[in-house]
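Each chain is listed here by its residues.
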Amino acid sequence: MAFVLVGTAGAAYLYLKHLEGNVTTEDVGNVADDGFSKDEAFNILIIGTDKRTGSGNEGYGDKGSVGHADTNILLHVSKDRTNATAMSIPRDLIVDVPDCDGENGVIPGTQNVRFNTSLGQSGRNPGCTMKTVEELTGIDVNHFAMADFNAVKTLTTAVGGVEVCLAKDVDDPDSHLKLSAGKHTIEGETALAFVRTRHSFGNQGDLDRIKVQQQFMSSLMRKMTSGDTLTSPTKLIKLANAATKALTVDTGIGKASTLKDVALELKKVPMKNITFTTVPVVDNPAEKIKATVVPDDSRAPQVFQMIKSDTSFTEVKAQEKKEKAAVAARLKGTKSDASEVRVRILNGGAAAGSAQEELTYLQTEAGVTKSENAGNAGASQAKTTLEYAPDQADQARRLASILGLTGSMMKPGKSVTNSQGLPTMTLTLGEDFKGPGVKMNSSAAPTNVDKTTANEVKCAS
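Treat the numbers as computed from the prediction; the structure is a model and nothing was measured.

Points about the overall build of the chain
Scanning the chain for helices and strands turns up 13 helices and 24 strands. In the chain, buried positions account for 51% of the 461 residues. Taking the intrachain contacts of the chain between residues at least 6 apart in sequence as the baseline, contacts between residues at least 24 apart amount to 72%. Summing over all exposed atoms, the chain offers an accessible surface of approximately 20,900 Å²; the carbon and sulfur share of this is 50%.

Structure follows, in structure tokens:
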């Protein structure tokens, strides 16, 4: 939708106003932001409901569904617009749904339930789903965009079909998908059947269906941004109408001018730097017959932290170049002995007790005896930093080698005085701090997290 809005935005403001009339908005109160910032990272929760409204949809599955959160993607767009992460949240993930506001007052929360019940159940609106994501991940969700079955059918038809690839023949009686192995261009009912299919892929569960849906969305994005689409006024107008009619968004982004701003910011992200991943999960240990999943405590927190701290899952060339320059300028040169390094440690967003734990490591294992715990920083920060004066560069390089600090973490500036009145550097532990003695330049992402990028072509299996 972002690319479509950009393409049509240049035509006329009046046409944007027409598109605005197509979009349905829903007020979820202060759960969503009031407006949109073009200068900050942002997170939009994309919700695909299983509501059967619309022509031809009543025959699918649960005819009376109130519209649960069937497909869920938290889209994070980086502050510098060099990358984005689309994290799928399984509908069968066991979570605690918090209290949330409804039309008739507060809707009580429920514990240990499927994530998809955060919408529709007991009259819950998308604001409830946003709050559930925030409690699950610790990530602030700024806005939501919601679509139903019709969105898949109308969007794929508007672009003239989406190419998909199958590793084997599929004849699924539940989704009504019947395709041979190989590549196919699908649209309308066939496209909907493709994204609904799960009994013919992988272990026939929702996690494998998520992978197929991610492949489908990557293909749809590539088709939307292809020259054939963007250079055709007829296709753009048809696609813009289909996209805007398919969506329900919060009032904070429901205006034509705001939607255009969102679109322009999204358009800056290269396709190769849009990563699709899924919340790392394990089978629910409370079940004998496995039907649901729970977050993997060894991997999920790292993924959430990467998104929260605006860390890219892809190697972004601009960041890489900047980092290399910083390393060359700040890490190259002589290093003091560890015993000569004087540093105070502040906790600026790490877990409670981290400053003392890091101090213990430095003094007992790294030989940095002239170090002290200076308590909490004045404000929380995403990244760990080391600030030092020019004449402390030798000390800074030694500490950087001990802790694995990258060049961008080193901040030439000024020194302060420690508790003894002597000049000292300042190490501020940010939200990215990994624990005492753990190198900061070690891989931030778990190596066994499934992920793909939007420019990759894969075959569903």
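Let us keep going from here.
Some remarks on the environment of threonine 275
Structurally, threonine 275 can be placed in strand E15 (residues 274-278). Spatially, the C-alpha atoms of threonine 275 and threonine 314 are 7.0 Å apart, while their sequence positions differ by 39 residues. Setting aside anything within four residues of it in sequence, one finds threonine 275 in contact with Ala84, Thr85, Ala86, Phe313, Thr314, Lys451, Thr452 and Thr453.

Here's the deal with the state of the cysteines
If you walk through the whole model with that rule in mind, you get two disulfides. Covalently, cysteine 100 is tied to cysteine 128 through a disulfide, its sulfur atoms 2.0 Å apart. Taking the torsion about the sulfur-sulfur bond, which here is approximately 90°, the covalent link between cysteine 100 and cysteine 128 counts as right-handed. Of this pair, cysteine 100 sits in strand E6 (residues 100-102) while cysteine 128 sits in helix H3 (residues 126-137), placing them 28 residues apart in sequence. Residue cysteine 128 is classed as buried on the basis of its relative accessible area of 0%. Between the sulfur atoms of cysteine 165 and its disulfide mate cysteine 459 the distance is 1.9 Å. The S-S bond linking cysteine 165 to cysteine 459 shows a torsion near 65°; that makes this disulfide right-handed. You can see cysteine 165 sitting in strand E10 (residues 162-166) and its partner cysteine 459 sitting in the segment after strand E24 (451-453), a full 294 residues away along the chain. Regarding the disulfides, the chain carries the connectivity 1-2, 3-4 under sequence-order numbering of its bonded cysteines.

Side note on the side chain of asparagine 116
Structurally, asparagine 116 can be placed in the loop between strand E8 (110-114) and H3. Among the residues examined, asparagine 116 registers a relative accessible area of 12% and is labelled buried. Discounting chain neighbours no more than four positions away, the residues touching asparagine 116 are His68, Ala69 and Arg91.

Details of the sheet that holds strand E14 (residues 248-250)
Whenever strands of a sheet pair, they do so through backbone hydrogen bonds, lying parallel or antiparallel. Across the sheet, eight strands lie side by side as E1-E14-E9-E2-E3-E4-E15-E24; this open sheet has mixed pairing. Since the sheet does not close on itself, it has two edges, and those belong to strand E1 (24-26) and E24, each with one partner. The average undirected angle you get between the axes of adjacent strands in this sheet is 20°. Sheet topology places strand E4 (residues 84-88) next to E15; five bridges connect them, and they run parallel. Within the sheet, the bridge partner assigned to methionine 87 lies in E15 and is threonine 277. Here helix H10 (residues 300-308) sits on the sheet in contact with strand E2 (42-49), strand E3 (69-77) and E4, set at roughly 145° to E4.

So, empty space enclosed by the protein
Inspection of every chain in the model, using the stated rule, returns two cavities of 30 Å³ or more. Taken as a whole, the largest cavity spans an internal volume of roughly 60 Å³. In terms of lining, the largest cavity is formed by 13 residues, of which the most central are Glu358, Leu403, Phe433, Val438 and Met440. Of the voids in this model, the second largest cavity is the one considered here, and its volume is about 40 Å³. Lining the second largest cavity are Asp70, Thr71, Asn72, Ile73, Ser88, Ile89, Arg91, Asp206, Ile210 and Gln213. Among the elements that take part in the lining of the second largest cavity, E3 stands out by supplying four residues, more than any other. Taken together, the residues of the lining of the second largest cavity sort by class into three nonpolar, four polar and three charged.

Considering H3
If you check H3, its first and last C-alpha atoms are 17 Å apart, about what 12 residues at 1.5 Å a residue would give, namely 16 Å. Every buried residue belonging to H3 is among Pro126, Gly127, Cys128, Thr129, Met130, Thr132, Val133 and Thr137, and all of these are buried. Measuring from the backbone nitrogen of glycine 127 back to the side-chain oxygen at the start of H3 gives 2.8 Å, which picks out asparagine 125 as the cap. The first or second residue beyond H3 is glycine 138, which carries a positive phi of 80°.

Notes on the packing of helix H4 (residues 149-158) against helix H8 (residues 233-246)
Interhelical geometry of H4 versus H8 gives an angle of 175° and a closest axis separation of 9 Å. Comparing their axes, H8 and H4 come out roughly antiparallel. On H8, the residues that touch Ala151, Thr154, Leu155, Thr157 and Ala158 of H4 are Lys235, Lys238, Leu239, Ala242, Ala243 and Ala246. The class makeup of the residues in the contact of H4 with H8 is seven nonpolar, two polar and two charged.

Concerning the packing of aromatic side chains
All chains considered together, the criterion is met by three aromatic pairs. Measuring from centroid to centroid gives 4.9 Å for phenylalanine 36 and phenylalanine 42, while their planes differ by 80°, and the two rings are edge-to-face. Phenylalanine 36 gets classed as buried once you look at its relative accessible area, which sits at 18%. Each ring, one from phenylalanine 194 and one from phenylalanine 201, has its centre 6.2 Å from the other, and the planes form 65°; the classification is edge-to-face. Here phenylalanine 194 matches phenylalanine 201 in class, with each residue buried.

Here's the deal with the side chain of threonine 49
Inspection of the secondary structure puts threonine 49 in strand E2. With sequence-adjacent residues up to four places away left out, threonine 49 is seen in contact with Gly67, His68, Asp70, Leu119, Met146, Ala147, Asp148 and Phe149.

Here is what the cut-offs are and how they apply
Residues numbered from 1 in each chain as written. Predicted model: local features only at pLDDT ≥ 70, side-chain atom pairs only at ≥ 80, totals over all residues. Heavy atoms only, no water. Helix = DSSP H or I, 4+ residues; strand = E, 2+ residues; numbered from the N terminus. Buried < 20%, exposed > 50% of the residue type's maximum accessible area, 1.4 Å probe, protein only. Contact = heavy atoms within 4.5 Å. Areas by Shrake-Rupley, 256 points an atom, 1.4 Å probe, with all protein chains shown as cover. Disulfide = S-S within 2.5 Å. Pairing = 2+ DSSP bridges. Axes fitted to C-alpha atoms, helices over the stretch in contact; angles between N-to-C directions. 1 Å grid on protein atoms, 1.4 Å probe; cavity = no way out; pocket = protein on both sides within 12 Å on 5 of 7 lines; lining within 4 Å. Points joined across faces, edges and corners; volume = space filled by probe spheres on them. Nonpolar A, V, L, I, M, F, W, Y, C, P; charged D, E, K, R; others polar. Expected span 1.5 Å × (residues − 1). Polar contact = N/O pair within 3.5 Å; in protein donor to acceptor, adjacent residues only side chain to side chain. Parallel < 35°, antiparallel > 145°, perpendicular 65-115°, else oblique. Phe/Tyr/Trp six-rings, centres within 6.5 Å; stacked < 30°, edge-to-face > 60°.

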